[in-house]
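# A structural walkthrough
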Amino acid sequence: VIPGKVAVVALNTLYFFNSNAAVDGCYNEDEPGTDQMDWLEVELESMRKRKMTVYLSGHVPPARKSYTPSCFVRYTTIALRYQDVIVGHIYGHANIDHFFILSQATLTAEEARLEEERIQKKFTSIADTYEHEFDQFHTLGLNAYLLELWEQYQDVPKRAKLNDYAIVLVSPSVVPTYNPTLRVFTYQLAIEKNSGTPMAVPPATTLGETTYEDDEDEDDYFEDIEKEDATNIYFGDLKKKPKKPKKPKKPKKPHNPPAAPPITFGFPLSYTQYWVNLTEANLENKKPEYEVEYRSQEDWGLRDLSVSEWLGLARRIIRSDSVREQYLAWMLVLTGTKDEHN
């Protein structure tokens with residue numbers, strides 16, 4: 001959308017959606033979901049080299065119970081590995097106004113579960129596994145989803161490692177399940193000079209780099225190799241069987257890079273949520289007009305739309321009944337149905 005600076009990637013989320021019987025996740029190489037994820041990584045790597053910022057967008061959000069397990073794992077991995085490039089995850093489908101959290105902890109647990117399934121070869125039908133999926137979004141039965149959302153918010157630690165989290169924003173719909181809405185974002189246009197904030201990923205966190213548990217492990221590994229070489233030289237003439245080479249330790253996965261700072265060009269700073277009061281328009285028989293429902297900065301106190309600000313709001317929603325009540329009211333676009341979902 002701004003050549004060489006800001007890009008928006010619109011994903012075909014039907015390739016990932018667990019209710020789509022025509023596809024089978026992001027595990028097999030011949031699946032369109034796998035192809036699209038591969039393509040996405042190539043594009044993000046290219047944009048990283050060009051120091052661009054990227055928004056990921058689509059219809060169905062990357063929720064654990066909405067994507068097939070393999071696609072959820074792949075998306076979350078990409079979200080965390082490229083958070084120095086990706087500055088926003090913007091989705092719809094659910095019709096309700098909310099945010100949810102992708103985390104390294106959830107990813108690790110889901111990866112372990114997937115590996116266990118592969119070993120045991122007990123894959124079940126996607127349609128059977130997630131039969132009810134997001135039906136609760138298209139009716140007023142939100143309780144089950146809200147319970148999972150509250151658990152996500154409760155699990156946010158007091159001292160969170162920010163690069164282990166990503167935030168997905170889900171906007172309410174234009175064609176209403178509740179009331180019609182529009183959302184308008186503002187983003188960073190200027191980059192502070194001489195701010196001291198690193199804009200590039202440090203070498204130790206780049207993808208594909210071999211890392212060790214710590215420096216001592218690395219020293220021990222190379223010291224063992226030297227000892228084995230010495231044994232072969234000095235005892236080879238005595239026909240002593242050399243020691244079996246010590247198997248190198250498996251490299252750790254690369255650490256998640258630090259997220260792009262809010263001073264990055266294109267970084268989302270705030271948004272204004274607009275809505276139409278259909279009840280009032282119908283009662284007064286007048287043309288519907290969009291008006292401000294709330295602003296992220298003034299009404300939620302979010303200084304910007306960074307991970308730390310959203311995690312802070314998640315904690316406030318859990319701790320404060322009044323904040324949670326307001327969150328629910330705006331979640332359902334002021335339709336007055338919030339009392340049914342506490």
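Residues numbered from 1 in each chain as written. Predicted model: local features only at pLDDT ≥ 70, side-chain atom pairs only at ≥ 80, totals over all residues. Heavy atoms only, no water.

### So, the overall build of the protein
- When its secondary structure is counted, the protein shows 10 helices and eight strands.
- The buried share of the protein, reckoned over its 342 residues, is 44%.
- Residue pairs at least 24 apart in sequence account for 77% of intrachain contacts in the protein once pairs closer than 6 positions are excluded. (Helix = DSSP H or I, 4+ residues; strand = E, 2+ residues; numbered from the N terminus. Buried < 20%, exposed > 50% of the residue type's maximum accessible area, 1.4 Å probe, protein only. Contact = heavy atoms within 4.5 Å.)

### Structural notes on the sheet that holds strand β7 (residues 268–276)
- The strand order β6-β7-β8 describes an open sheet built from three strands, whose pairing is antiparallel. What marks the edges here is a single partner per strand, and that holds for β6 (181–187) and β8 (290–295). Direction aside, the axes of adjacent strands within the sheet are offset by 30° on average. (Pairing = 2+ DSSP bridges. Axes fitted to C-alpha atoms, helices over the stretch in contact; angles between N-to-C directions.)

### Side note on a nonpolar patch on the surface
- Taken together, the side chains of V174, V175, L182 and Y290 define a hydrophobic patch exposed on the protein surface, amounting to about 380 Å² of accessible area.
- Relative to the helices and strands, V174 is located in the loop between β5 (165–170) and β6.
- According to the relative accessible area criterion, V174 is partly exposed, its value standing at 48%. (Patch = residues over 30% accessible without salt bridge, like charges linked within 9 Å, V, L, I, M, F, W, Y side chains within 5 Å. Areas by Shrake-Rupley, 256 points an atom, 1.4 Å probe, with all protein chains shown as cover. Salt bridge = Lys/Arg side-chain N within 4 Å of Asp/Glu carboxyl O.)

### Some remarks on the environment of T108
- Along the polypeptide, T108 turns up in helix α3 (residues 104–120).
- Taking C-alpha positions, T108 is 9.6 Å from T77, a pair spaced 31 residues apart along the chain.

### With respect to the packing of helix α5 (residues 143–154) against helix α9 (residues 307–319)
- The N-to-C vectors of α5 and α9 enclose an angle of 115°; their axes lie 8 Å apart at closest approach. In terms of crossing hand, the pair formed by α5 and α9 is left-handed. Along its contact with α5, which presents W150, Y153 and Q154, the element α9 presents A314, I317 and I318.
- Looking at the contact of α5 with α9 residue by residue, the class counts come to five nonpolar, one polar and no charged. (Left-handed = near helix turned anticlockwise from the far one by under 90°. Nonpolar A, V, L, I, M, F, W, Y, C, P; charged D, E, K, R; others polar.)

### Focus: the state of the cysteines
- Under the defined criterion, the tally for this structure stands at one disulfide.
- Note that C26 is cross-linked by a disulfide to C71, the S-S spacing being 2.0 Å. Of note, the bridge from C26 to C71 carries an S-S torsion of about 90° and is right-handed in sense. Here C26 is found in the loop between β1 (6–10) and α1 (32–49), whereas its partner C71 is found in helix α2 (residues 69–81), with 45 residues between them in sequence. The same class applies to C26 as to C71, namely buried. (Disulfide = S-S within 2.5 Å.)

### What about the nonpolar core?
- With 68 residues, the main nonpolar core has Y75, F99, Y153, W310 and Y327 as its most contacted residues.
- Here this core takes seven residues from α2, the largest share from any one element.
- Those residues in contact with F99, other than ones at most four positions away along the chain, are L149, Y153, I167, V168, L169, W310, L313, A314, I317 and Y327.
- Membership of the second largest hydrophobic core comes to six residues, among which are V6, Y55, F265 and F267. (Core = buried A, V, L, I, M, F, W, Y, C linked by side-chain atoms within 4.5 Å.)

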